[in-house]
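Single-letter residue listing:
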Amino acid sequence: EIVLTQSPGALSLSPGERATLSCRASHRIDSRYLAWYQQRPGQAPSLLIYGASTRATGIPDRFSASGSGTDFTLTISRLEPEDFAVYYCQSYVGSPRVLTFGGGTKLEIK
Amino acid sequence: QVQLQESGPGLVKPSETLSLTCDVSNYSIDSGYYWGWIRQPPGKGLEWIASMYQSGSIFSNPSLKSRVFISFDTAKNQLSLKLTSVTAADTAIYYCATSVGPFYLDYWGQGALVSVSS
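Reading the values: rules and limits
Residues numbered from 1 in each chain as written. Chains lettered and ligands numbered in written order. Predicted model: local features only at pLDDT ≥ 70, side-chain atom pairs only at ≥ 80, totals over all residues. Heavy atoms only, no water. Helix = DSSP H or I, 4+ residues; strand = E, 2+ residues; numbered from the N terminus. Buried < 20%, exposed > 50% of the residue type's maximum accessible area, 1.4 Å probe, protein only. Contact = heavy atoms within 4.5 Å. Core = buried A, V, L, I, M, F, W, Y, C linked by side-chain atoms within 4.5 Å. Buried area = accessible area lost by both parts, 1.4 Å probe. Salt bridge = Lys/Arg side-chain N within 4 Å of Asp/Glu carboxyl O. Polar contact = N/O pair within 3.5 Å; in protein donor to acceptor, adjacent residues only side chain to side chain. Nonpolar A, V, L, I, M, F, W, Y, C, P; charged D, E, K, R; others polar. Disulfide = S-S within 2.5 Å. 1 Å grid on protein atoms, 1.4 Å probe; cavity = no way out; pocket = protein on both sides within 12 Å on 5 of 7 lines; lining within 4 Å. Points joined across faces, edges and corners; volume = space filled by probe spheres on them. Pairing = 2+ DSSP bridges. Axes fitted to C-alpha atoms, helices over the stretch in contact; angles between N-to-C directions.

1. With respect to the environment of Leu4(A)
Residue and element names in this part refer to chain A.
Moving on, step 1. Structurally, Leu4 is set in strand 1 (residues 4–7).
Moving on, step 2. For Leu4, a relative accessible area of 7% gives the class buried.
Moving on, step 3. Between the C-alpha atom of Leu4 and that of Thr100, which follows or precedes it by 96 residues, the distance is 7.3 Å.
Moving on, step 4. Once residues lying within four places of it in the same chain are set aside, the contact partners of Leu4 are Cys23, Arg24, Ala25, Ile29, Cys89, Gln90, Ser91, Thr100, Phe101, Gly102 and Gly103.

2. Here we look at the nonpolar core
Moving on, step 1. By size, the foremost hydrophobic cluster in this structure holds 47 residues, and its most contacted members are Trp36(A), Tyr87(A), Phe101(A), Leu107(A) and Trp108(B).
Moving on, step 2. Non-local contacts of Phe101(A), meaning those with residues more than four positions away in its chain, are made with Leu4(A), Tyr37(A), Tyr88(A), Cys89(A), Gln90(A), Ile38(B), Leu46(B), Glu47(B), Trp48(B), Leu105(B) and Trp108(B).
Moving on, step 3. Formed by 28 residues, the second largest nonpolar core is a distinct cluster that contains Cys22(B), Tyr33(B), Leu64(B) and Val116(B).

3. Some details on the interface of chain A and chain B
Moving on, step 1. Counting from both sides, the interface comprises 16 residues of chain A and, opposite them, 22 residues of chain B.
Moving on, step 2. Carbon and sulfur atoms supply 65% of the area buried between chain A and chain B, which totals about 1700 Å² over both sides.
Moving on, step 3. Across the chain A-chain B interface, the total number found is 0 salt bridges.
Moving on, step 4. If you look at where chain A meets chain B, you find 6 residue pairs in polar contact (both at pLDDT 80 or more).
Moving on, step 5. Listing elements by their share of the side of chain A that touches chain B, those giving two or more residues are strand 4 (34–39), strand 5 (46–50), strand 8 (86–94) and strand 9 (97–101) of chain A.
Moving on, step 6. By residue number, the principal contributor to the side of chain A that touches chain B is strand 9 of chain A, which donates 4 residues.
Moving on, step 7. When its residues are assigned to classes, the side of chain A that touches chain B shows 12 nonpolar, 3 polar and 1 charged.

4. Some points on the state of the cysteines
All names here are of chain A.
Moving on, step 1. Per the stated rule, a full pass over the model turns up 2 disulfides over all chains.
Moving on, step 2. Two residues, Cys23 and Cys89, share a disulfide whose sulfurs are 2.1 Å apart. Its torsion about the S-S bond being 75°, the disulfide of Cys23 and Cys89 is classed as right-handed. Taken together, the residues span a long stretch of sequence, with Cys23 in strand 3 (residues 19–29) and Cys89 in strand 8 at a distance of 66 residues.
Moving on, step 3. Judged by its relative accessible area of 0%, Cys89 falls in the buried class.

5. A short note on the environment of Glu80(A)
Moving on, step 1. Position of Glu80(A) among the secondary structure elements: in the loop between strand 7 (63–76) and strand 8.
Moving on, step 2. The exposure class of Glu80(A) is partly exposed, given its relative accessible area of 33%.

6. Focus: the layout of surface pockets
Moving on, step 1. Computed from the structure, the largest pocket encloses a volume of approximately 520 Å³.
Moving on, step 2. Lining the largest pocket are 21 residues, and of these Ser46(A), Gln1(B), Asp106(B), Tyr107(B) and Trp108(B) sit closest to its centre.
Moving on, step 3. Ranked by residues supplied to the lining of the largest pocket, first place goes to strand 5 of chain A with 3 residues.
Moving on, step 4. Residue composition of the lining of the largest pocket, grouped by class: 12 nonpolar, 7 polar and 2 charged.

7. A short note on unusual backbone geometry
All names here are of chain A.
Moving on, step 1. Omega for the bond connecting Ser7 with Pro8 falls within 30 degrees of zero, at -10°, which places this linkage in the cis form.
Moving on, step 2. Here Pro8 is to be found in the loop between strand 1 and strand 2 (10–13).
Moving on, step 3. Residue Ala52 is not a glycine yet carries a positive backbone phi of 70°.
Moving on, step 4. Counting through the fold element by element, Ala52 comes out in the loop between strand 5 and strand 6 (54–55).

8. Here we look at the sheet that holds strand 1 (residues 3–7) of chain B
All names here are of chain B.
Moving on, step 1. With antiparallel pairing, the 4 strands of this open sheet are ordered in space as 1-3-8-7. Every interior strand has two partners, whereas the edge strands, strand 1 and strand 7 (68–73), have only one. Each strand of the sheet is rotated relative to its neighbour by a mean of 20°, with strand direction disregarded.

This is the structure:
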């Protein structure tokens, strides 16, 4: 069973600053199967990144992601007011087929 | 773009069965996407429940597998979820979602809150 640990649990930053969010897996993950989601208050999650580093359709380029093996990172280069939300990483394992979410990082306005 | 809308009773009694449907628009549910259910207890994180492919292939969260049943109604273009023997721990917002592949979830419904209480 894969466990995804996100850190920090909460991050307080100001608009214009850079945010770096971490997702660590308990076992090695194929990078093709690592995704990131954004969930704004009162809304459903939305896909940000798939394949560890590919932005989903319509996602601005201030969002970038990288990583391999067990360590993955989501970076927001210059925070906009609408970026303050909760971010989740998610993995897929093929045998047996299971999707797992991390516990989330809440990005708060300082 | 695919649109999803969950619906169902907002209140279910303990030990009963939670039943939800997900209406799909702008895409035929039997045309090849993966379809899934995810839940989120109030104020907490996301938990994947189960996913299903158009072929009928299903894979489920091991912790919920014995209580989860998902299916298609192609005539209504709907996805359905049944969760049996519910307890208060099953109180959550339930989302349906879809994607081209099984690896992640492209499109999400807005969610339906289900409370389990007597």
